[in-house]
Amino acid sequence: MLTTARLLLRPAVLTDAPNLLELNSDPAVMRFTGDKLMTSLTEAHQLIADTLIPEFRDTRMGRFAVHLLDGSYAGWCGLKYYPQQDEVDLGYRFLKKLWGLGLATEAAAACLGYGFHQLNLKRIIVKVMPDNTASLKVVQKLGMTFKGYLRDPSDPMPFIVYELNRKDFKLSRDCPPQT
């Protein structure tokens, strides 16, 4: 579990399924993800049970459920290991009503801190669709470095790839994670 000035980040549990369904069924939220809209509570349960819980169990990383300190659900943010590429990707997704409040930057900084300091990772990447200007601002605020473009053969849209190395990571005073 991680905490910041405004957020609590914890591994997903099955009772998060209704929140995950709300998030992943919003076309505005899903616009730049490359994922299809979620349509049922069963899909949300299955994603948590088959993917999110095992990822944390096996790698000590994954997509954290993010809550405001008052307990209300905000979205998810976290690190995902891709063994085929041997790389760790930072991702985040928040409810539309919470966009523009700096929560993605705050949660992402906490996850970067966790990855570099607790997991001892050397490098973390993020992939952003070129039209996703809000996410591009987040990665720039985090101090990530542009690496180039990546086209996934299964996806017609290219991604912009950014990276951050542990030695270049500087945690913001405004969002220090605590474990």
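Above this text you will find the structure in question.
Read on for a plain summary of the structure.

Conventions and cut-offs
Residues numbered from 1 in each chain as written. Predicted model: local features only at pLDDT ≥ 70, side-chain atom pairs only at ≥ 80, totals over all residues. Heavy atoms only, no water. Salt bridge = Lys/Arg side-chain N within 4 Å of Asp/Glu carboxyl O. Helix = DSSP H or I, 4+ residues; strand = E, 2+ residues; numbered from the N terminus. Buried < 20%, exposed > 50% of the residue type's maximum accessible area, 1.4 Å probe, protein only. Phe/Tyr/Trp six-rings, centres within 6.5 Å; stacked < 30°, edge-to-face > 60°. Pairing = 2+ DSSP bridges. Core = buried A, V, L, I, M, F, W, Y, C linked by side-chain atoms within 4.5 Å. Contact = heavy atoms within 4.5 Å. Disulfide = S-S within 2.5 Å.

Applying the stated criterion to the full structure yields eleven salt bridges. Across the pair R123 and E163 runs a salt bridge, and its minimum N-O distance is 2.4 Å. Here R123, found in strand β6 (residues 123-128), pairs with E163, found in strand β8 (residues 158-165); they are 40 residues apart in sequence, far enough to count as distant. Judged by its relative accessible area of 10%, E163 falls in the buried class.

Here R60, not a glycine, exhibits a phi torsion of approximately 65°, which is positive. Within the secondary structure layout, R60 lies in the loop between α3 (41-59) and β3 (63-68).

Moving on, we get to the packing of aromatic side chains. Under the defined criterion, the tally for this structure stands at five aromatic pairs. An angle of 55° between the planes, with centres 4.9 Å apart, marks the rings of F56 and F64 as tilted. This pair shows no difference in class: F56 is buried, exactly as F64 is. Between F146 and Y149 the ring centres are 5.7 Å apart and the planes differ by 70°, which places this aromatic pair in the edge-to-face class.

The next subject is the pairing of β3. Across the six residues of β3, five count as buried, placing the element largely inside the fold. With five bridges connecting them, β3 and strand β4 (residues 73-82) associate as antiparallel partners. Counted as the bridge partner of H67 is Y73 from β4. Between β3 and β4, which follow one another and run antiparallel, lie four residues, and G71 among them has a positive phi close to 100°.

In terms of nonpolar packing, the biggest core is built from 54 residues, with L9, C77, L79, L90, Y92 and F94 touching the most fellow members. With ten residues, helix α4 (residues 103-118) is the largest single contributor of residues to this core. Once residues within four sequence positions are removed from consideration, L9 is found in contact with M1, L2, T4, F64, A65, V66, C77, A107 and C111.

According to the stated counting rule, one finds zero disulfides in the structure shown. Just so you know, C77 is unpaired, no disulfide at all, and the nearest cysteine sulfur is the one on C111, 3.7 Å from it.

Locating L69 in the fold gives a position in the loop between β3 and β4. The exposed category is assigned to L69, whose relative accessible area is 53%. Sequence-wise, L69 and L9 are 60 residues apart; in three dimensions their C-alpha atoms are separated by 9.7 Å. What L69 contacts, discounting residues up to four positions off in sequence, is T4, A5, R6, L7 and L8.

Any functional reading would require information that these geometric values do not contain.
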